[in-house]
Amino acid sequence: MSGPGWSRRMLAITPAAIVVGVGCSLLLLVVSWLSETLRHGLWESLPRAWGFDGSTWWWIMLVLTATGLAVGLVVAYVPGHAGPDPATEELIGPPHPASTVPSVLLAATLALAGGVSLGPENPITAANVALACALGVAWRGRDSTPVWVGLAGAGTIGAMFGSPVAAALVLSELPGTDPREPLWDRLFAPLIAACAGSITTLALAQPVFSVDVPPYPGFRPVDIVSAGVIAVIAGLVGIAMVEVFPKMYGLFRRLRHPVAALTCGGLVLGGLGVIGGQITLFKGLSEMKELVAGAAGYPTVNLVVILLVKSVAVVVAASCGFRGGRIFPAIFIGAAVGLVAVRLVPGVPLGLAIGCGVLGVVLAITHQGWLSLLLAATVVMDARLLLPLCIAVLPAWLLIRGRPGMVIGKMTG
């Protein structure tokens, strides 16, 4: 549909899209604030008050195991049972009852604060979609459900990544309700929600995803080879995680009860945290900046250990039942791949290596080509790297095409 009628419909839904986008951002910011406050108390204030270092091995073990127990109790006994298991759902899934939202947010907050290697994207998106659909359907009827799913999904992604472009790129790769409908007709209202979410987040929190790397010296033909090789190697790291994921998921399911599975998962994550250090805990964005800034102080073998520990930790955390997403820690893993690549081949520009590492890992896990490219470019923040990144995504896509994504029981690509 086009013409004045379509324009009037879009203008009519614009206020609702703005409200949804702002609401999605505010919920994200509240959960982020709560989890950061609790994180500060668990990992800094309490250890300091009791006279020990929060990075002490036994404290890492204790906090991660206790976090698993606490989240397990939420999943097992709190009404709503923390909603759907993110291991079985895409980033934007079907709406769930609004009654699940409190338990979803509680489980996500505990995991984020306790050091679990997952990001907030899946539970926050699920909560926002549930709330938007509950309110929107009550207002406009059940037939309007897809509209509210699209608005809440876009608003959350825009708020989370601080850019409406991320939401547009993700939605452009999802199938439309009518293949004859022009892409921008489908994206109009969601993009408004994404803009509202992004503006709200930037106004109140100003998130920064980029790392401090030397400026890219300029394109060289050899960079095409370097970019492709690093992106493929990073893709192989992601593929290895995806291959292990269902096996680990099945192993934890044998424990049958969520309290047992999550407590054991927390214990394993604690052991991994002891091996890799506190830098391998949490969702990974601030830790990525710390790793890149202090990379000179890490021997190559330590960087490899950090890369391996974080990769295993993400698989364990996602498979045992913690509520969280894989995109944020995948960015950390990609940056670690880039740092190792530069150690092995010092002539590769650091920004190129990190960007291609992020690109390959995120692509293998999400099968979202545009989002992977955007995140890689955002992390290194150098427009001159767009050309090698665009070239690098091609062999990486050939590598992951037809393989499963990191979602139990689903094939993507």
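The preceding data block contains the structure.
Since we're looking at a predicted model, the values are computed, not measured.

## Thoughts on the packing of aromatic side chains
Under the criterion given, the structure shown has 8 aromatic pairs. Ring geometry for tryptophan 50 and tryptophan 59: centres 6.1 Å apart, planes at 90°, overall edge-to-face. Exposure remark for tryptophan 50: the relative accessible area of 55% places this residue in the exposed category. What makes tryptophan 59 buried here is its relative accessible area of 5%. With 4.8 Å between their ring centres and 45° between their planes, phenylalanine 52 and tryptophan 58 make a pair best called tilted. Each member of the aromatic cluster is reached from another via a ring pair, and the members are Trp50, Phe52, Trp58 and Trp59.

## Quick word on the pattern of salt bridges
Throughout the structure, instances matching the rule amount to 4 salt bridges. For the salt bridge of arginine 39 with glutamate 36, the shortest nitrogen-to-oxygen distance reads 3.8 Å. Of the two residues, arginine 39 and glutamate 36 both sit in helix α1 (residues 4-50), 3 residues apart, roughly one turn of that helix. Of the residues examined, arginine 39 reaches a relative accessible area of 18% and is grouped as buried. For aspartate 223, the salt bridge is made with arginine 220, and the minimal N-O distance between the two is 3.0 Å. According to the relative accessible area criterion, aspartate 223 is buried, its value standing at 0%. Overall, arginine 220 belongs to the partly exposed group, its relative accessible area being 32%.

## Quick word on the environment of alanine 205
Looking at the element boundaries, alanine 205 is found in the loop between α7 (183-204) and α8 (221-253). Relative accessible area serves as the criterion here: at 42%, alanine 205 is assigned to the partly exposed category. Residues alanine 205 and leucine 105, spaced 100 residues apart in sequence, show a C-alpha to C-alpha distance of 19 Å.

## Quick word on helix α12 (residues 327-344)
Under the 1.5 Å per step criterion, the end-to-end length of α12 is 26 Å for 18 residues, consistent within 8% with the ideal 26 Å. For α12, a buried count of 16 out of 18 residues is recorded, marking the element as mostly surrounded by other parts of the structure.

## Observations concerning the environment of isoleucine 18
With respect to the helices and strands, isoleucine 18 occurs in helix α1. For the pair isoleucine 18 and alanine 194, spaced 176 residues apart in sequence, the C-alpha to C-alpha distance is 8.4 Å. The residues contacting isoleucine 18, other than those within four sequence positions of it, are Ile192 and Ala196.

## Structural notes on the side chain of lysine 310
Residue placement: lysine 310 occurs in helix α11 (residues 300-320). In this structure, lysine 310 is buried with no salt-bridge partner, the nearest side chain bearing the opposite charge being glutamate 287 at 5.9 Å. Within the structure, lysine 310 has its side chain in polar contact with the side chain of serine 117 (distance 3.3 Å). Excluding residues within four positions of it along the chain, lysine 310 makes contact with Ser117, Thr280, Leu281, Phe282, Lys283, Gly284, Pro329, Phe332 and Ile333.

Calculation criteria
- Residues numbered from 1 in each chain as written.
- Predicted model: local features only at pLDDT ≥ 70, side-chain atom pairs only at ≥ 80, totals over all residues.
- Heavy atoms only, no water.
- Phe/Tyr/Trp six-rings, centres within 6.5 Å; stacked < 30°, edge-to-face > 60°.
- Buried < 20%, exposed > 50% of the residue type's maximum accessible area, 1.4 Å probe, protein only.
- Salt bridge = Lys/Arg side-chain N within 4 Å of Asp/Glu carboxyl O.
- Helix = DSSP H or I, 4+ residues; strand = E, 2+ residues; numbered from the N terminus.
- Expected span 1.5 Å × (residues − 1).
- Contact = heavy atoms within 4.5 Å.
- Lys, Arg positive; Asp, Glu negative; His and termini not counted.
- Polar contact = N/O pair within 3.5 Å; in protein donor to acceptor, adjacent residues only side chain to side chain.

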